[in-house]
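Read off the chains here:
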Amino acid sequence: MAKFSKATDLEIYRSKLQSAYDPNKPRICVCGGTGCNAQGSIKLVDALHAAVKKCGLDSTVEVKVTGCHGFCEKGPVVVVRPENTFYVMVKADDAQELVETTLVKKGVVDRLLYVDPASGKKVVKEQDVPFYKQQTRIILSENGHLDPTSIDDYILRGGYSALAKVLSANSPDAVIEEIKKSGLRGRGGAGFSTGRKWELARKSPGKDKYVICNADEGDPGAYMNRSELEGNPHLVLEGMIIGAYAMGANHAIIYCRAEYPLAIKQLNTGIAQAIEYGLLGKNILGTGFSLEMKIKQGAGAFVCGEETALMQSIEGKRGMPRPRPPFPAQAGVFGKPSNINNVETWANVPLILREGAASYSSVGTEGSKGTKIFSLVGKIKNTGLVEVPMGISLREIIFDMGGGIPNGKAFKAVQTGGPSGGCIPESLIDIPVDFDELYDAGSMMGSGGMIVMDEDTCMVDIARYFLGFLGDESCGKCTPCREGIKHMYNIIADVTAGEGSVEQLDLLEELAGVIKDTSLCGLGQTAANPVLSTIRYFRDEYLEHIEQKKCRAGVCKALVEYRIDAGACTGCLRCGKECPVGAITGNKKEPHSIDREKCEKCGICYEVCEQGAVVRE
Ligand SMILES: Cc1cc2nc3c(=O)[nH]c(=O)nc-3n(C[C@H](O)[C@H](O)[C@H](O)COP(=O)(O)O)c2cc1C
């Protein structure tokens, strides 16, 4: 067991690990993120171990479970290193062939290679896959290489060198100065300057101080923070320890939702290892600096991601926000000065201090430095996690990395910033992605959820959906949020039912302004964004619903009817078989018809009819 009593002990240990490490040793790296696990990577790992043994390679080949590789759409993902042969959708049954062909015969299993839909060509190497090729992976750079349960693997790759450097050579003020110089802005949503926030916490007097990691991640479709914690927990821990040193904190709390069991497991393992090595706990690296770290599991309420509600929840109270001031830096959790940052913000810290602020800030735009991780979901070919430099366009993310829209459909909009973000239309797809540009477009960066929508999405219904979510998640403490969101929801529901009026659109805009200006916390203050952005960019769709009683996407059931065009129907029976409520009748080779009383307007008949005989009107 290693226990470092000074920074040089760590460096000596790292050198030993590096000399013992053979980069040419064959390693089968299996993605162990939650997405790949759900698709069978746990069984696959067992099968790979058995296959390696059967081939007599167990002493020369390592089967390694790594963090999330990000290409969730194609999981389970396997990379055989050092050649970086890249396999997708690998099943336990493929293990024997994979090992024999790749490691015994030194060939490639053709059928498990990724096929680039744009060129139709198979791609052999990980670095040539378009999904990865265009990314700038800094925070996620080690995810496909290291074993998240091994602190040695992290140390081998430079881990904890920033902490050692800071503790031996930098004053707390110098650390804060470096973070300020880097231009790092919080990745949890508001984009506040991390260095300035740390400075406020440092200056706040008090014997006990707290640093908190916000791993609540409640946005629908977002899982960046989960993967960061699952895949490289020590990066976040190192960032928090450095931050605590800079701010003079002696307590650290990670607030992580209980629905993230793997992230919590990796964090518990990481904390225990860091304590064992003398990198956390009492007298860190013999410097006299001590930090106690705990995990608090949250019950999964969206509002508990809001910093003041989160602190209430840590204290064991109902998670509800409170007015500021006092700000957390003055009186936070248990009334003590506290600083809260998002998982990804903390993960950036060791990288900034390792490479220096100048190198870090060479990536990004004037006002937004570094990279940002997005979870790409919705109507997109390559669902997954991408890390991109700030300033890249939405088009590059959605089409070059995301592979575009499936099933030949057209792109319609992208929602950034979580449920209280905005919907950005096709006309703005070339805007650079950074905090300020997204804000100007009526949306926001948020923590990194990116939901892509195609032509079959009704933008009025989308606004209704997000308002419904926010209404359910509103804690109810302040009236504008509790009553106002409900009221806006009812108006939008009227529009989707064909019972809206143009005057109601004006009322919606007026209500949105009042709720924004008078709500207690960010939930209410931003709740109107989906409504305002869809009215701003898709007003014609609202007017169609109101004036023509028409939903062009065919989503709002009250405004849609299906009928069968007798001239086009060949009587193939397909629609009748698929209809879940038996609303379609007709004999083989004779035109069918739909019973409108029974029809639930699910649209399955429309989807499955190859003759185009089912008409939606
Ligand atoms: C309703 C609501 C939910 C939030 N959820 C999260 C969350 O899940 N994770 C997060 O880091 N920040 C979340 N925030 C933002 C936090 O209040 C806070 O600004 C953030 O944790 C600060 O960290 P940063 O400076 O590193 O961004 C949320 C804010 C609101 C209003």
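The structure displayed is predicted, hence computed values, not measured ones.

Chemist: Explain the overall build of the protein chain to me, and be specific about the residues and the numbers.
Modeler: Check the secondary structure of the protein chain and you find 24 helices and 19 strands. Relative to its length of 617 residues, the protein chain is compact, with a C-alpha radius of gyration of 27 Å against a globular reference of 25 Å. Each principal axis of the C-alpha distribution contributes one length, and for the protein chain these read about 85 × 65 × 40 Å. Counting over 617 residues, the protein chain shows a buried share of 56%. Carbon together with sulfur atoms contributes 51% to the accessible area of the protein chain, which is approximately 24,800 Å² in total. Placing the 72 positive and 77 negative side-chain charges of the protein chain at their respective mean positions leaves the two points 4 Å apart.

Chemist: I'd like a description of the state of the cysteines, backed by residues and values.
Modeler: Tallying each qualifying case throughout the model produces zero disulfides. With no disulfide of its own, Cys 556 lies 3.7 Å from the sulfur of Cys 458, the closest cysteine sulfur. Residue Cys 556 is classed as buried on the basis of its relative accessible area of 4%. Among the cysteines around Cys 609, which has no disulfide bond, Cys 572 carries the closest sulfur, lying 6.3 Å off.

Chemist: So what's going on with the side chain of Glu 230? Residues and values would help.
Modeler: Looking at the element boundaries, Glu 230 is found in helix H10 (residues 224–231). For Glu 230, a relative accessible area of 3% corresponds to the buried category. At a separation of 2.5 Å, a polar atom in the side chain of Glu 230 contacts the side chain of Thr 34. Among residues more than four places away in sequence, those in contact with Glu 230 are Gly 33, Thr 34, Pro 148, Leu 262, Ala 263 and Gln 266.

Chemist: I'd love a proper account of the sheet that holds strand S14 (residues 422–425), names of residues and values included.
Modeler: Across the sheet, five strands lie side by side as S12-S11-S15-S13-S14; this open sheet has mixed pairing. On the outer flanks of this sheet lie strand S12 (384–389) and S14, each paired with one strand and no other. Taking the axes of each pair of neighbouring strands and ignoring which way they run, one obtains an average angle of 30° across the sheet. Across the sheet, helix H16 (residues 394–401) lies against strand S11 (371–378), S12, strand S13 (411–416), S14 and strand S15 (449–454), angled at about 115° from S13, the strand it touches most.

Chemist: I'd love a proper account of the site of the ligand, names of residues and values included.
Modeler: In the vicinity of the ligand there are 19 residues, among which Gly 188, Lys 197, Glu 217, Asn 342 and Thr 345 approach most closely. A distance of 3.0 Å is found between an oxygen atom of the ligand and a backbone nitrogen or oxygen belonging to Glu 307. At 2.9 Å from an oxygen atom of the ligand is found a side-chain nitrogen or oxygen belonging to Asn 341. Where the shell around the ligand is concerned, the elements lending two or more residues are strand S10 (338–342) and helix H21 (522–526). Here the element with the most residues in the shell around the ligand is S10; it accounts for three residues. Tallied by class, residues from the shell around the ligand come to three nonpolar, ten polar and six charged.

Chemist: Tell me what's going on with unusual backbone geometry, and back it up with residues and numbers.
Modeler: Cis geometry marks the peptide bond from Arg 81 to Pro 82; its omega dihedral reads 15°. If you trace the backbone, Pro 82 turns up in the loop between strand S3 (78–81) and strand S4 (85–87). The peptide bond linking Pro 325 to Pro 326 adopts the cis configuration, its omega dihedral lying at 0°. Inspection of the secondary structure puts Pro 326 in the loop between helix H13 (307–314) and S10. Phi at Asn 283 takes a positive value of approximately 50°, unusual for a residue other than glycine. Within the secondary structure, Asn 283 sits in the loop between helix H12 (261–276) and strand S9 (292–298). For Asn 283, a relative accessible area of 42% gives the class partly exposed.

Chemist: Could you give an account of the nonpolar core, naming the residues involved and the relevant values?
Modeler: Grouped together as the largest cluster of nonpolar side chains are 118 residues, with contacts concentrated most on Tyr 160, Leu 279 and Met 293. For this core, the leading source of residues is helix H11 (residues 233–247), giving ten residues. If sequence neighbours within four positions are ignored, Leu 279 has contacts with Phe 4, Leu 10, Ile 151, Tyr 160, Leu 163, Ile 241, Ala 274, Ile 284 and Leu 285. Counting 34 residues, the second-largest nonpolar core is a separate cluster that includes Leu 508, Ile 515, Ala 528 and Ala 553.

Chemist: Give a detailed account of the sheet that holds strand S7 (residues 210–215), specifying residues and quantitative values.
Modeler: The four strands lie next to each other as S9-S8-S7-S10, forming an open sheet whose pairing is parallel. Looking at strand neighbours, the two that pair on one side only are S9 and S10, the edges of this open sheet. Taken pair by pair, the neighbouring strands of this sheet meet at an average axis angle of 20°, ignoring direction. Bridge analysis of S7 against S10 gives five bridges, and the strand direction is parallel. Looking across to S10, one finds that Val 211 is bridged to Asn 339.

What counts as what
Residues numbered from 1 in each chain as written. Predicted model: local features only at pLDDT ≥ 70, side-chain atom pairs only at ≥ 80, totals over all residues. Heavy atoms only, no water. Helix = DSSP H or I, 4+ residues; strand = E, 2+ residues; numbered from the N terminus. Rg over C-alpha atoms; globule rule 2.2 N^0.38 Å. Buried < 20%, exposed > 50% of the residue type's maximum accessible area, 1.4 Å probe, protein only. Areas by Shrake-Rupley, 256 points an atom, 1.4 Å probe, with all protein chains shown as cover. Lys, Arg positive; Asp, Glu negative; His and termini not counted. Charge placed at Lys NZ, Arg CZ, Asp CG, Glu CD. Disulfide = S-S within 2.5 Å. Polar contact = N/O pair within 3.5 Å; in protein donor to acceptor, adjacent residues only side chain to side chain. Contact = heavy atoms within 4.5 Å. Pairing = 2+ DSSP bridges. Axes fitted to C-alpha atoms, helices over the stretch in contact; angles between N-to-C directions. Near = heavy atom within 4 Å. Nonpolar A, V, L, I, M, F, W, Y, C, P; charged D, E, K, R; others polar. Core = buried A, V, L, I, M, F, W, Y, C linked by side-chain atoms within 4.5 Å.

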